Every structure is written in structure tokens, then in C-alpha cells.
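Each chain, letter by letter, is given below.
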Amino acid sequence: MKKIYTLIAILALSISMFAQAPEKMSYQAVVRDASGVLITSSSVGVRLSVVQGTPTGTTVYSETHSATSNVNGLISVEIGGGTTVSGTFSTITWATNTYYIKTEIDPVGGTTYTISGTSQLISVPYALYSKISGSSTPGPAGPTGSPGPTGPTGASGGGDTTWLKTGNNIYNNNFGYNVGIGTNAPLSMLSISDTNADMRIGYPNSYNNANSGVLSFEERISDPLGCGLLFQHNGFENRLFIMGRCPTNDTIASFPRSSSSGTNINGRLRVGDLSLATNPLSVSGNSDFSGNVTITGNLNVTGSISKGSGTFKIDHPLDPANKYLIHSFVESPEMTNVYSGNISTNANGYATVTLPDYFEAANKDFRYQLTVIGFFTQVIVKEKIRNNSFVIQTKTPNVEVSWQVTGVRADNYANENRIEPVVIKETPGTYLHPKVHGQSADKSEEAVRVKKELERIKAIEAASNDADK
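Residues numbered from 1 in each chain as written. Predicted model: local features only at pLDDT ≥ 70, side-chain atom pairs only at ≥ 80, totals over all residues. Heavy atoms only, no water.

Caption draft 1: How the structure looks around the nonpolar core. Within the largest apolar cluster, 21 residues are counted, with the highest numbers of intra-cluster contacts made by Ile75 and Trp94. Sorting the residues of this core by element identifies β2 (25-32), β3 (43-52), β4 (58-68), β5 (74-79) and β7 (99-106) as the ones contributing at least two each. (Core = buried A, V, L, I, M, F, W, Y, C linked by side-chain atoms within 4.5 Å. Buried < 20%, exposed > 50% of the residue type's maximum accessible area, 1.4 Å probe, protein only. Helix = DSSP H or I, 4+ residues; strand = E, 2+ residues; numbered from the N terminus.)

What follows is the structure in C-alpha cells.
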């Protein structure tokens, strides 16, 4: 069995504890093997424990060290400065009990410890207690010394510059003064000047907190409910919110920091009710765009589209590098679907046109057009559409016929959202395109709508300002 001879020298602890010296005890030990030979210049694993009451009592603190013995087999560590295993060294109540130091050592530097012994702490550690003790009785006051020399006159004051503390608040009552960090010439009430200027607001010592920091710009800072603009980081959702508050919060935009898997997501802007939004730009509610909008990719609209005109625009098939080919949409006052094709009649002059299996479920009010190709002959719709097909008959057999069928949409969405070809304007006297009617721009529906909305917002702000007074 390996032996150690422990020398505990609590030299660092003295009355200087009142000057906030580190709460540690110097510890030295000489390590020998089973033959009594010194273990020199070797890595040694050490576990030290403070035991309360008896040598085998309760362990109130334990820590480990990795030490190196010197040429004399001596190791030196500081109790209170190792890697904590259990307990808190600074909270040990030295004055209320008897304590022992239990020493365990692994001479090869690991954590397979050999218990060598336990020794009682006699008196020196209790200097730690003196820093919190209030039981000492003060001695008598000494004689008053002679007055010292008069100090130099200080600079002229600019008011009360004292920082005051009330409860958990630290404040300065001065007005018109600036505070500088890293600069002696602050240009604002708080100026931070450094090549790596950094200001941090957040929740201490943990992650995933819903309120991980708020930066608030208030209209009236004394209002307990708040009225202003907030920047809030929600660590639980990994989002930065921009919110208006007066007094309840209303989300203006939300920027996710990352996905739940940790993959970075760049450039997200969310406006409105965004609990289910997943795309880089998500807008919930009515939105206005004034000017041109370019979409590179697909546009998916689940509602209706109203437009002044519509076209397709592609690279010209015959000169794609230099020209576009542009065609206009086919317009109708009804929701019309168009189906077409070519078919040849048989030897008896008949042909059956088969339509998609959804045709009759999606359409109603069918219209037919037939054109004979290559012959002067008669052609008729022999049998109208039934079971998603219809029959053509030509007077001359084996004739090719070009056919077209149109139907008015009859699906549920169309039935609930029929087009009204003529609608009275909500704001008479305005124009969608005032220029083509010889009118000024302020006669446009958009200009009048924006003007009314600005007036509405101004009235709300005025009412809010009156309520704040």
C-alpha cells in the first residue's frame, strides 16, 4: 500500500481575509510508495474532502487536483481551488463544528485513489470564519489624531454627480450629462467607444428562455404598462421580435435565429400572425405594394386575382437571345374552361370524343364548336355530353374534325366566388388608371385609399396622445 505523510500549512489564510483574499487553504503532502521510497517528479491524482464532525462523518466538500511531485516527493495544492466534486467551499460554517481533511491519492495521476488517512483541522481554517463573524466585541476607541494638511481644491462641480442606490436600483439624478465607456468625450447619454464595442442584454447562466432580453423605446418611460417599440429576443423560440406596445404587444416582424436542428436560416422577415409561417418572407393579413414587383419562380395564389391586363412573356422561339414573345390572356365574363382536340370519324361517319373523368364534376353549361378538315361536308354533335363524352357525326365518313368544348366552372370554390362583371366602385370619382382617362394621379384609387388610411392612423395617434396626458 502506498503511504503519504500530510503536511497541512494554512499559511495563506490570516487576518487578510477581511481584504477579500481568496478562500483557499494551502496544502502540502509527501508521497512515498509501499517501500517508503519517495515518488518524485511524477503526476499524482489527488482527492481532498472536508469531513464534518468525526473522521468518518459527513463529507461537506470534495474536490480533485492533478499535481506533480517535486524532486523531494512534495506536492502542493490549494484546497478550494480544485475541480469541485460536491459541496461549496465558501459556504462551510467553520465556527459551528469540528472538521477533518480526508486525503486520497493515485500515485500514477489517475482517479483510482488510495485512502491514506484523515487529520483534524485545528484552528487556522477558522480565519475563514472571521470574515463573516459579527460576534467580536470592539475595543475602546483610540485617541483622536492631529488634523492632516488641507488637500488641493477640487474641480468645480456641475451638479450632483453621485450615483445613488435604492433597493436594487442604481441611478444618477443629473440631467443633461452623458456617460462614456471607453471615451472621455461621450456624444450621447450613453456612448460606448472601442474597436470591439459590445453591449449584451440577456438571461444569465441558462439557455432557451422566452424572455432573453428586451430593448424598449418608450413614449413615456414612467408608464408601468409601457407604450413604444420593443426588440425582444425569445431564446425558447430562437427568434428576435420587433413589437409595438401600447400597452399590449403587437408583433411587427419576427426573425428566426436558427432552426431546431441548428441549421442556419438567413434573411427571414415575418409580418402579422406568423405562428405557422415557414418561408423567408411571411405576411399575414392585407398587404399593399406600390410599384413593380418581380417574382423569380412560381406564384401560388389560393384566392382570386384582379388585374388590368395579363400576358405570358417568354424568350422568342426564333430569336431567344434578342426578343420576347408576348401573348395576352383570353378574358371572359364567366369562369370558362376550354377543352379541344382533333378526331376522325369512322366508316359510318361517327366519332366519340372522350373528355377527362372530372369534366362534368368541374363544369356546366357546355358549348360546342366543330370544324371539318379537308372536306366540304356537314358535321353535327350527334349526342351531347354524357358520362364525360360526346358523339360527332359527319355526312362523309372518315373525316378529320377539329372540336372545341367550353364549360363554365362548377366546382365548389367557383360556386362560392362567382365573378360580377359590373361592380359599383366603393369610392366614386376615382380611377384604377387615371392617366388613360386624362385624370391626375391624385384621382387614383390607391392615392385616395392611402390618404384616408394616413388620416385614420393620425386620428388614432392623436387619441392615444390625449390618453397619455
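Caption draft 2: Region of the structure containing the environment of phenylalanine 359. Here phenylalanine 359 lies in helix α2 (residues 359-362). We classify phenylalanine 359 as buried; its relative accessible area is 0%. Considering only alpha carbons, one finds phenylalanine 359 and alanine 410, 51 residues apart in sequence, at a separation of 9.7 Å.

Caption draft 3: Up close: the pattern of salt bridges. A full pass over the atoms with the stated rule returns eight salt bridges. With a shortest N-O distance of 2.8 Å, arginine 409 and aspartate 411 are connected by a salt bridge. Arginine 456 is the salt-bridge partner of glutamate 453, the closest N and O atoms lying 2.5 Å from each other. One end of the pair, glutamate 453, and the other, arginine 456, are both in helix α4 (residues 445-468), three residues apart, so they sit about a helical turn from each other. A residue is classified by how much of its surface remains accessible, and arginine 456, at 44% relative accessible area, is partly exposed. Taken together, the shared-partner salt bridges in this structure form one network comprising Asp288, Glu446 and Arg449. (Salt bridge = Lys/Arg side-chain N within 4 Å of Asp/Glu carboxyl O.)

Caption draft 4: Just the packing of aromatic side chains, in detail. In total, this model carries seven aromatic pairs according to the counting rule given. Between phenylalanine 89 and tryptophan 94 the ring centres are 5.8 Å apart and the planes differ by 70°, which places this aromatic pair in the edge-to-face class. Residue phenylalanine 89 shares its accessibility class with tryptophan 94, and that shared class is buried. For the ring pair tyrosine 368 and phenylalanine 390, a centre distance of 5.5 Å and an interplane angle of 70° mean the geometry is edge-to-face. Highlighted residues: tyrosine 368 in strand β23 (residues 363-373) and phenylalanine 390 in strand β25 (residues 389-394), separated in sequence by 22 residues. By relative accessible area, which is 1% here, phenylalanine 390 ends up buried. Feature note: the residues Tyr61, Phe89, Trp94 and Tyr99 constitute an aromatic cluster, connected by ring pairs. (Phe/Tyr/Trp six-rings, centres within 6.5 Å; stacked < 30°, edge-to-face > 60°.)

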